[in-house]
Amino acid sequence: MTETADTDFRNPQRHIRLDTILRLRWLAVLGQLAAIFIVAQGLEFNVEIVPCVSIIALSAAVNLALQTAANPMQRLEPIQAAGLLALNIVELAGLLFFTGGLQNPFSFLFLAPVLISATALPARLTFGLGLLAVACASILFFFHLPLPWDSDDPLVLPPIYLVGVWLSIVLAIGVTSLYSFQVTQEARKLADALAATELVLTREQHLTQLDGLAAAAAHELGTPLATIFLISRELEKTVKEPSFAADLKTLREQTQRCRDILSKITQLSPSGAPFDRMKLSELIEEVVAPHRDFGIDIKVRIAVAAAAEPVGSRNPAILYGVGNIIENAVDFANTTVEVNAWWNNDTTEIVISDDGPGIPPDLLNRIGEPYLSRRRSQDEGGGLGLGVFIARTLLERTGAKVAFTNRTFPDHGAVVRIAWPRQRFEAIETLEETIG
């Protein structure tokens, strides 16, 4: 995750397809024509048909021009999409001017373009469209033609009612747009964070596959290299020609060098199977080892229990998840991090605690959400706030329950409990099962 740019996940580009906007605009054109036809022909009200149809025709002409000049499947820049939504608002305001202003019940359609923007465009553009809609509604409050109605029994609405309509439009635009924006942001953040999780897990899978391939290569190449080494050594003893002897010596030395390199690879991957079985204590030692040289004392305590020690698969999701939580504990600890493990016949549990400042109360109930970080800025070593989210997601996919608390006063520091049903921990899982 440290190699992933901030803008890749935190500030994703938002684009709407032109085809989506055009479909909405064509739907508006058809609906407006149908409304005018019903009012003028069905209800026989006096409607300013020519100006209204002219505005609708202008809207249709814009749609045709966009379909002709551009590929409908292209994705618009946010400012372009906002411009088309603003045009929708202005066209609606023009129609309402000729059909009664805020007295017209269709005045609440000012809400539609702003809602669309709230779900797909940046906040600043949504705010601008909201201001435009409110401005148009405010102008229509004072300037508009009479509402088409029965001339023998004209409808006269009191000003206080129109004020209520204006206020309800303003509140509807503000409240529903804010709600839609917040819900969409949460969904987008969660989707982006899950995508980042999959990238991390894919990276772990690649490393594990390379680990297995390296071990297999070391095993397969070891025998022929040993044969070459032995033969070259025997030939070196029997050949009397100095030049040949020197060449054989070089061959033997280079063969030995290859054997040493393969030996190091074998030490990095002590077994050829990418998903080895390992005891709980071995798992803990593997994830703790990379963090021991940072000036923090890491104490590992393995409880003695009557039940046999759990043995699970060498699962990359578990290794990454537990390792990330230990890394966070080391980052925030003052002097000491404790890693305690215990088990019985039903449960396997790891408890990681530190003596740092602990989790702030305002974050305690939200810890593990994406883009939530206690680090003040990336310049001070902070990241996107995805580490704990990814760790928690990976661990929960392996069947674990992860809980975050603080130590009881007067002690201070964070405590993370990771508990598996023992049967689930000891089950053999493939990486594909963990991902799914």
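Everything quoted here is computed from the prediction, not taken from an experiment.

(A) How the structure looks around the environment of Pro 290. Along the polypeptide, Pro 290 turns up in the loop between helix 9 (280-288) and strand 4 (297-302). Residue Pro 290 is classed as exposed on the basis of its relative accessible area of 53%. In the structure, Pro 290 is positioned 37 residues away from Glu 327 in sequence and 9.1 Å away in space, judged by C-alpha atoms.

(B) Highlighting the nonpolar core. Within the largest apolar cluster, 37 residues are counted, with the highest numbers of intra-cluster contacts made by Val 322, Val 337, Val 339, Ile 352, Ile 418 and Trp 420. At the level of secondary structure, the elements contributing two or more residues to this core comprise helix 9, helix 10 (316-332), strand 6 (336-343), strand 7 (347-354), helix 12 (387-397), strand 8 (401-406) and strand 9 (414-421). It is helix 10 that contributes the most residues to this core, seven residues altogether. Look past the residues within four positions of Val 337 in its chain and what remains in contact with it is Ile 296, Asp 297, Ile 298, Lys 299, Ala 329, Val 330, Ile 352, Ser 353 and Asp 354.

(C) Seen up close, the sheet that holds strand 4. As summarised here, the arrangement of the five strands in space is 4-6-7-9-8, forming an open sheet in which the pairing is mixed. A single partner strand is all that each edge strand has here, and the edge strands are strand 4 and strand 8. Neighbour-to-neighbour, the strand axes of the sheet open up by a mean angle of 15°, direction not taken into account. The pairing of strand 7 with strand 9 spans seven bridges and is classified as antiparallel. Within strand 9, the position partnered with Ile 350 by the bridge is Ile 418.

(D) Main features of the pairing of strand 6. Most of strand 6 is tucked away, with six of its eight residues classed as buried. Of the strand pairs in this sheet, strand 6 and strand 7 are connected by seven bridges, and their pairing is antiparallel. By the bridge assignment, Trp 343 is partnered in strand 7 with Thr 348.

(E) Seen up close, the packing of aromatic side chains. The final tally for this structure, using the stated rule, is three aromatic pairs. Consider the rings of Phe 97 and Phe 98, whose centres lie 5.1 Å apart with planes at 85°: the pair is edge-to-face. Relative to Phe 142, the ring of Phe 141 has its centre 4.9 Å away and its plane inclined at 80°; by these criteria the two rings are edge-to-face. Classification of Phe 141 by relative accessible area gives partly exposed; the value is 23%. The exposed category is assigned to Phe 142, whose relative accessible area is 61%.

(F) Looking closely at the confidence of the model for the chain. Per-residue pLDDT for the chain has a mean of 79; in total, 79% of the residues score no lower than 70. Averaged over each element, pLDDT in the chain is lowest for helix 1 (residues 6-9) (42) and highest for helix 4 (residues 78-98) (92). Confidence drops under pLDDT 50 across residues 268-275; counting only partners more than four residues distant or on other chains, this segment forms 13 contacts. The low-confidence segment residues 430-436, where pLDDT is below 50, has 15 contacts with residues more than four positions distant or belonging to other chains.

Scoring rules and cut-offs
- Residues numbered from 1 in each chain as written.
- Predicted model: local features only at pLDDT ≥ 70, side-chain atom pairs only at ≥ 80, totals over all residues.
- Heavy atoms only, no water.
- Helix = DSSP H or I, 4+ residues; strand = E, 2+ residues; numbered from the N terminus.
- Buried < 20%, exposed > 50% of the residue type's maximum accessible area, 1.4 Å probe, protein only.
- Core = buried A, V, L, I, M, F, W, Y, C linked by side-chain atoms within 4.5 Å.
- Contact = heavy atoms within 4.5 Å.
- Pairing = 2+ DSSP bridges.
- Axes fitted to C-alpha atoms, helices over the stretch in contact; angles between N-to-C directions.
- Phe/Tyr/Trp six-rings, centres within 6.5 Å; stacked < 30°, edge-to-face > 60°.
- pLDDT = per-residue confidence, 0-100.

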